[in-house]
Structures are given as structure tokens and as C-alpha cells.
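Structural overview for review
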Amino acid sequence: MSRAKGFISFEGIEGSGKSTQAKRLAGYFRSKGKKVIHTAEPGGTNIGQKIRELLLEPENHMEPLTELLLYYASRAQHVREVIYPAILDDTIVITDRFSDSTVAYQGYARGIDLKLLSRLSDIVNPDLKPFLTFMLDLDVEEGLKRNKKASKKDRFELEAVEFHTRVRKGFLQIASEEPERVKMIDASRSQDEISEDIIKIIEEQWR
Ligand code: ADP
């Protein structure tokens, strides 16, 4: 699977600041005159948005395999409708979550065989890996606290702290396996400090 240069993902637990930092990075690229889109998973398309509602609705008691396949269904649509065309059009794509989230949540936290995830990825997003992934690392309880302001908790925010701890460990494992692509960011700091770090890495890598 090759890393597409104009494709950047943000990963991390709930409330780690992914969407805040993705928005800031999109603003940075725009200020440099580059074409950029900021998108998110699950979602990113009309169909993906409907799948997202199914996935996040707290009343849905969903089988882990159903959950997994819905994530891949959302991604199948997202890569074909949005990500591949944008990359071909020289537009930078910044996504809030991509396949590392599937490995961390459905693999490490739910316990689905990682080999199955890898086989599905080969079908759903062949030849597509982010060029850079910013892994926003934060204490689980701090992340859940930051997200408390949201009026209604989604199905994942309602999971126990132990679940989110397994997710975080999964993310750390992924980062340790692919240090060139996955950049660990200490997300306990201020928004400005974090985005300064991110832009520094972008400027180093974007030569
Ligand atoms: P995520 O997309 O990872 O769930 P968000 O970017 O939505 O996280 O941020 C979750 C909440 O935390 C928001 O209310 C946001 O304003 C706040 N937030 C984001 N970054 C920071 C930070 N560095 N320090 C404190 N609060 C933050």
C-alpha cells in the first residue's frame, strides 16, 4: 500500500483534539494558496453520514462485525467519492480519522482479528495510505472530560474507560510500528502549542 503525499489523517481517542487540529492545518494550507479539503470518518459523504448515524446512535445494540462492516462501507464510499478524486486533482485531503481508528477500535478494543482488518483494507482502500498521520495522544479521562460539553453522548463515548484505554494502547502500538508515517503528538498541551508542532513537521516533510 503506497502513501499518497497529499493525504493526511488525524487519529486519537475521543476529545483528543483531532477536528480542532485538522481545521487549523487546513487553514494553514489555504493560507499557503493550496487546495485543501477537510473531511471525516465515519461520514465524509451523504451515504457515509447516514452510516455514521447508525454507528453512533446510542440505542443501537450492534454486533462488532456489523460495526466493522459499516465502517468499511462508509470508507468504501469516502475513498471513491471524495479522497481519490481530490488527490488526483492535486487537492490536499485532511481526514479526521481513517484506517488506524478501525485497527484501534474494532481491532485492539473490540478484539476482532487484525488479519481480517488487513484483508478488508486491501479491498476497500487498496493503494491508499496517508502520507502523514498525526496521532494526538491524551489521557483517556481527560479526553472524555473535554467532550462532556456535547449534549448527547454517542455509542462510543458511552463505552467504559477500559475500552478507551485499549483504544489508546492500540494507537500507541500502531505509532510504534510505523514511526515514519505516524507522528506522535502530546495532546495535553494548548491548541497553539500542538498546531505549532504539527506545522513544523509538515514543513520538514513537505519539501
Ligand atoms: P476530537 O475531534 O478528537 O473528538 P475536538 O477537536 O472535537 O476533539 O475537541 C474536543 C473538545 O476539546 C472541544 O470542545 C475542543 O474545543 C476542546 N479542545 C481541543 N483541543 C484542546 C486543547 N489542546 N486543550 C483543551 N481543550 C481542547
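Please read all numbers here as calculations on a predicted model, not as lab measurements.

As a matter of local geometry, the ligand sits amid 14 residues, with Gly15, Gly17, Lys18, Thr20 and Arg189 nearest to it. Interatomic distance of 3.0 Å between a backbone N/O atom of Gly17 and an oxygen atom of the ligand. One of the backbone nitrogen or oxygen atoms of Ser19 is found 3.0 Å away from an oxygen atom of the ligand. Protein coverage of the free-state accessible area of the ligand, which is 560 Å², stands at 72%. Where the shell around the ligand is concerned, the elements lending two or more residues are helix H1 (18–31) and helix H8 (191–205). Element by element, the count of residues in the shell around the ligand is highest for H1, at 3 residues.

Moving on: the pattern of salt bridges. By the definition in use, this model includes 15 salt bridges. Among the ionic contacts, a cluster of salt bridges with common partners joins Glu67, Arg110, Arg155 and Glu159.

Procedures and definitions
Residues numbered from 1 in each chain as written. Predicted model: local features only at pLDDT ≥ 70, side-chain atom pairs only at ≥ 80, totals over all residues. Heavy atoms only, no water. Near = heavy atom within 4 Å. Polar contact = N/O pair within 3.5 Å; in protein donor to acceptor, adjacent residues only side chain to side chain. Areas by Shrake-Rupley, 256 points an atom, 1.4 Å probe, with all protein chains shown as cover. Helix = DSSP H or I, 4+ residues; strand = E, 2+ residues; numbered from the N terminus. Salt bridge = Lys/Arg side-chain N within 4 Å of Asp/Glu carboxyl O.

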